[in-house]
Amino acid sequence: MDLENACPSSAEQTASSDRARSAGPPGRILLWTVRSLTLAAAATLGAGLTGPCMTIIPSLGDLDFWVRLLRPDMGRPTTYSMLGGIIEILRHDNWWIGVVLLLFSCIFPTVKLAIMAWAAAMLAARRRSGRLMQFAHHTGKFSMLDVLVIALVIIAFKGLPGRTRIQLHWGVAMFAASVVLSLLISVAVHYLEAAVARAAAAEERPPAQ
Amino acid sequence: MRRGTSIAAGIIWAAVVVVIVAAAAGLTWWLASREHTATAGTASPAPATRPHAASGRDYYLIVRLVEFTPRTPSGRAWDTDGSAPDARVHIDWRGNRVFSLPPRDNALIAAWDLFKISINPQDLLKLKDMNFDPTSAINGPIVTAGPGETVTIEVRDDDPVSYDLALRMTVRLSDLHEGANDIPVPPNSGVRRLRIDLLPRDMPLDELLRRQIEGK
């Protein structure tokens, strides 16, 4: 029996109908909550990776006017997306930072969401979510790495002379939303596992006379 | 549910997630690049939407770009050694030579910025205390638009002993729009493309700088 078809409909389920009803509907709600959140997190992650993330508006204090006049390219504001910023870092030969950021901001969150979707499908079939899900649980905290990097960049630029400014855009909000959603999914999957365990325990109990 | 079916469902859900991430990323990238293109497009409006030069108003007239034809109007090479023309542009107004643009050597496309400033790098440190007269730094003359007012633009390939005339044409100021103007050139001339900017003399300095910065 899987969670999606948990409502009793056959004769063999009649005896344990109370147990099935108590385990089924909340399980299904949780299952579809996990699935909806996973799809939303995937969409916000994709949008957050390529949407505009921040604009750096350079300023060189008293020499700003002259620099803009003589080297206009130096005074031009530059907008980066999360992925664009990482590509820029890689292009400037900062391979180590670039690869770490690519891993933890693009590849890892995508894989993590895929694992959660996989785990939800396994739990829907009343199977164990597996070691990968445990791995995803434990490594979830690394998803905040990008937000941390952006915060550090902003603090660094605030401290620079010459009034250089950074404007944040909706790409950051989308990425942060994806991180928050993935944390919620993680919690929901945890509850789903508990619901499945309860349903399994209820099925193993002998029916009441 | 059988084990194989549940694994297949798991794989499908995982694949759907990866596809949604990729699709959302691709769609956002496409929308962002479209928005960027649209913004760039609106930054330089179509000539028809911009006002013509107003009578009695003073303007900076700046030749921004000249593209030479591959050969002279008579079909010869521009220079005997096969090199591209050495562009020299003169602007006459009311019978007087009012401006000559800095020469551009060996170029089929010669372009000029809004400002002409050459500063010794060693002087950069002194810039803070320098005075700046923007009018003297503009790469073009000041002319007044009005009925019958014209400017004559002469484009030459300067050679050591003589010059080849690539284009000499008279442009009526009232025909020009404020901002960038692509001037239709005679087909038998040595110039394929001519772009002139007409900017009001009272345009604020920051707007002039913005044009310089944004390369308009």
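Residues numbered from 1 in each chain as written. Chains lettered and ligands numbered in written order. Predicted model: local features only at pLDDT ≥ 70, side-chain atom pairs only at ≥ 80, totals over all residues. Heavy atoms only, no water.

## Thoughts on the pattern of salt bridges
Residues and elements named next belong to chain B.
Reasoning step 1: Following the criterion strictly, the structure yields 16 salt bridges over all chains and no others.
Reasoning step 2: Taking the shortest distance from any N to any O, the salt bridge between Arg97 and Asp92 comes out at 2.9 Å.
Reasoning step 3: Judged by relative accessible area, which is 41%, Arg97 ranks as partly exposed.
Reasoning step 4: The partner of Arg172 in a salt bridge is Asp175, and the shortest N-O contact between them spans 3.5 Å.
Reasoning step 5: A relative accessible area of 46% places Arg172 in the partly exposed class.
Reasoning step 6: Counted as one network, the salt bridges with shared partners bring together Asp92, Arg97, Glu154, Arg156 and Arg168. (Salt bridge = Lys/Arg side-chain N within 4 Å of Asp/Glu carboxyl O. Buried < 20%, exposed > 50% of the residue type's maximum accessible area, 1.4 Å probe, protein only.)

## Brief notes about unusual backbone geometry
Residue and element names in this part refer to chain B.
Reasoning step 1: Notably, Arg94 is not glycine yet its phi reads approximately 55°, a positive angle.
Reasoning step 2: One can find Arg94 in the loop between strand E2 (87-93) and strand E3 (96-100).
Reasoning step 3: We classify Arg94 as exposed; its relative accessible area is 54%.
Reasoning step 4: Unusually for a residue other than glycine, Asn106 sits at a positive phi of about 50°.
Reasoning step 5: Along the chain, the position of Asn106 falls in the loop between E3 and strand E4 (109-111). (Helix = DSSP H or I, 4+ residues; strand = E, 2+ residues; numbered from the N terminus.)

## Notes on a nonpolar patch on the surface
Reasoning step 1: A contiguous nonpolar patch, built from Leu27, Trp29, Trp30 and Leu31 of chain B and spanning about 460 Å² of accessible area, is present on the exposed surface.
Reasoning step 2: Along the polypeptide, Leu27 of chain B turns up in helix H1 (residues 3-43). (Patch = residues over 30% accessible without salt bridge, like charges linked within 9 Å, V, L, I, M, F, W, Y side chains within 5 Å. Areas by Shrake-Rupley, 256 points an atom, 1.4 Å probe, with all protein chains shown as cover.)

## Some thoughts on the sheet that holds strand E7 (residues 163-172) of chain B
All names here are of chain B.
Reasoning step 1: Read across the open sheet, the 4 strands follow the order E3-E2-E6-E7; overall the sheet is antiparallel. The open sheet terminates on both sides in strands that have one partner only, identified here as E3 and E7. With direction set aside, neighbouring strand axes in the sheet form an average angle of 25°.
Reasoning step 2: As paired elements, E2 and E3 share 4 bridges and run antiparallel to each other. (Pairing = 2+ DSSP bridges. Axes fitted to C-alpha atoms, helices over the stretch in contact; angles between N-to-C directions.)

## Thoughts on the confidence of the model for chain B
Residues and elements named next belong to chain B.
Reasoning step 1: Summary statistics for chain B give a mean pLDDT of 82 and a share of 81% for residues scoring 70 or more.
Reasoning step 2: With pLDDT under 50 throughout, residues 40-48 is counted as low confidence; its partners more than four residues away or in other chains account for 3 contacts.
Reasoning step 3: Reported for the predicted complex are a pTM of 0.56 and an ipTM of 0.77. (pLDDT = per-residue confidence, 0-100. Contact = heavy atoms within 4.5 Å.)

## Things to note about the packing of helix H6 (residues 95-124) of chain A against helix H9 (residues 170-204) of chain A
All names here are of chain A.
Reasoning step 1: In the contact formed by H6 and H9, the axes pass within 10 Å of each other and the chain directions differ by 25°. The orientation of H6 with respect to H9, classified from their angle, is roughly parallel. Crossing handedness for the pair H6 and H9: left-handed. The residues of H9 that touch H6, namely those facing Ser105, Lys112, Leu113, Met116, Ala120 and Leu123, are Phe175, Ser182, Ile185, Ser186, Val189, Leu192, Glu193 and Val196.
Reasoning step 2: Of the residues in the contact of H6 with H9, the class split is 9 nonpolar, 3 polar and 2 charged. (Parallel < 35°, antiparallel > 145°, perpendicular 65-115°, else oblique. Left-handed = near helix turned anticlockwise from the far one by under 90°. Nonpolar A, V, L, I, M, F, W, Y, C, P; charged D, E, K, R; others polar.)

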